[in-house]
Amino acid sequence: MKKAVIIVHSKTGITRMYAEEIEEYLQGKEIEVVSVSIRDYRNGLCGDADYLLLGCWTSGLMFFMQHPDKEWKTFASHFEDASGTKTMMFTTYKILTGSMFRTMTKLLAGKTNPPSAFLKSRNGTLSENDKSILDSFCQ
Ligand SMILES: Cc1cc2nc3c(=O)[nH]c(=O)nc-3n(C[C@H](O)[C@H](O)[C@H](O)COP(=O)(O)O)c2cc1C
């Protein structure tokens, strides 16, 4: 059985809900899922994972300068080496994700594989397009 680790950071719950939808969808594909918040995450959890999914809400100036918040940046600075694991990123936002994924990728450079897929949602629900992105990611 393949194993996915989802690590999520949410301020008001929308990204958490998105993570839950992703978790449910992957479980429906017979993938074992471990889902934790960045606060509960401990190094070692990704050791035997096949897939790593990293999520954070989009912070910025709405139309530009998007980035993960300070807490996620701290998480990233302590994150273990998970460079053997296929990685994707997800976020929720209101207007634009802009530089969000670029910044997340940069902050984890050398510690994860370059992400091979990205998911984003305004309301935290998993769209049909998101599902096909997950299908390709987990092949
Ligand atoms: C301080 C702050 C900055 C934000 N900056 C952006 C932004 O630059 N672009 C955007 O589309 N949404 C922005 N948002 C909206 C959030 O990304 C959005 O509401 C997100 O879904 C919240 O996720 P959460 O419920 O998991 O915390 C911002 C929200 C806050 C509170």
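Everything below is about the structure shown above.
Reading the values: the criteria
Residues numbered from 1 in each chain as written. Predicted model: local features only at pLDDT ≥ 70, side-chain atom pairs only at ≥ 80, totals over all residues. Helix = DSSP H or I, 4+ residues; strand = E, 2+ residues; numbered from the N terminus. Rg over C-alpha atoms; globule rule 2.2 N^0.38 Å. Buried ≥ 20, exposed ≤ 12 C-beta atoms within 10 Å, placed from the backbone. Contact = placed C-beta atoms within 7 Å. Core = buried A, V, L, I, M, F, W, Y, C linked by C-beta atoms within 7 Å. Near = placed C-beta within 6 Å. Nonpolar A, V, L, I, M, F, W, Y, C, P; charged D, E, K, R; others polar.

Peer 1: Just to check I follow, could you spell out the overall build of the protein for this structure?
Peer 2: When helices and strands are counted, the protein shows four helices and five strands. Against the compact-globule benchmark of 14 Å for 139 residues, the protein has a radius of gyration of 14 Å, which places it among compact chains. Summarising its shape, the C-alpha atoms of the protein cover approximately 40 × 35 × 25 Å along the three principal directions. Evaluated residue by residue, the protein yields a buried proportion of 34% over its 139 residues. Within the protein, contacts between residues at least 6 apart in sequence are counted, and of these 80% link residues at least 24 apart.

Peer 1: What's the story with the nonpolar core in this structure? I'm lost.
Peer 2: If you look at the biggest cluster of nonpolar residues, it comprises 32 residues, and the most contacted ones within it are Ala-4, Ile-6, Ile-22, Leu-52 and Leu-53. Breaking this core down by element, the ones donating at least two residues are β1 (3-9), α1 (14-28), β3 (51-57), α2 (70-78), β4 (86-92) and α3 (100-107). In terms of residue count, β3 provides more of this core than any other element does, six residues in total.

Peer 1: Teacher, can you tell me more about the site of the ligand here?
Peer 2: Surrounding the ligand, one finds 19 residues, the nearest of these being Ser-10, Lys-11, Thr-15, Trp-57 and Gly-60. Among the elements that make up the shell around the ligand, the one with the highest residue count is α1 (three residues). Residues that form the shell around the ligand fall into these classes: seven nonpolar, nine polar and three charged.

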